[in-house]
Amino acid sequence: MKREPFRVTAKLRGPMARPTHGIYLDSLLMARVAVMEQRVPLDWDRDQPEPKIPIAKSGCGRIYLATSGAFTIEEREKSFTNKRFPMGEAQSMGAPSFKRVLVGGGLSKGFRIPRELVHLHGDTITWFALGDATETEAILSTVSNLGSRRGVGLGEVQEWRVESEEPWEGFPVLRDGSPLRRLPLDWPGLGEHKLARGVLSPPYWDRWREEACAC
């Protein structure tokens, strides 16, 4: 596989629901490849091999050489995820034994959950990576939305750009000693950083694999 340095930029059409664990390029590609291959991204028991992605792995094999998405928040917006029981429809479809619906609990319970939408400076998210830029662009061209709540149209991608990048010392995961993604604590050249617990490879929601890392 190629190990060429490149930059990925996503331009959004509007606000995005910011995901808890960030948007990692390797995870994004892996999830999309799994869909294209009509398989689950990663089996809970890890019985199946990882979907192959066009991103190089580190020599130690612990991480993919790609960053977490970098963006600047320009404005925040408060929104809600709402659900209410369709009482009118239920009454029109109810059988003679239909008497009442308990909306205070169970499957019929409604909710109103607050969520934060973010408007990004320039409406852009940027990643850096080592790998095959052409294959990466082909996969990303099929990704239509980013962030949480994609199914309701948030984080719609207007354009993907994959461009060659001049590498620097530590490219792509370190810049001036600072990590551009979660890194193992013994990563060569690691300078000033924050200490946290996190997952070093997809899936990043797999909390049983958390370990101390630099971020």
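Scroll up to find the structure this text is about.
Quick look at the structure, then. (Residues numbered from 1 in each chain as written. Predicted model: local features only at pLDDT ≥ 70, side-chain atom pairs only at ≥ 80, totals over all residues. Heavy atoms only, no water.)

**What to know about the sheet that holds strand β1 (residues 4-12)**
- The 3 strands are arranged β5-β1-β6 in an open sheet whose pairing can be described as antiparallel. Both outer strands of the open sheet, β5 (124-131) and β6 (157-164), are each paired with one neighbouring strand and no more. Adjacent strand axes in the sheet meet at a mean angle of 20° when their direction is disregarded.
- In this structure, β1 lies alongside β5, joined through 8 bridges in antiparallel fashion. The residue of β5 that forms the bridge with Phe-6 is Ala-129. (Pairing = 2+ DSSP bridges. Helix = DSSP H or I, 4+ residues; strand = E, 2+ residues; numbered from the N terminus. Axes fitted to C-alpha atoms, helices over the stretch in contact; angles between N-to-C directions.)

**A short note on the packing of helix α1 (residues 25-36) against helix α3 (residues 133-140)**
- Close contact between α1 and α3 brings their axes to 10 Å; oriented N to C, the two are set at 65°. As for the relative orientation of α1 and α3, their crossing is left-handed in sense. Each of Leu-25, Leu-28, Leu-29, Arg-32, Val-33 and Met-36 in α1 lies in contact with α3, whose residues at this interface are Thr-136, Ile-139 and Leu-140.
- In terms of residue class, the contact of α1 with α3 is built from 7 nonpolar, 1 polar and 1 charged. (Left-handed = near helix turned anticlockwise from the far one by under 90°. Contact = heavy atoms within 4.5 Å. Nonpolar A, V, L, I, M, F, W, Y, C, P; charged D, E, K, R; others polar.)

Function cannot be read off these values alone, since they describe shape.
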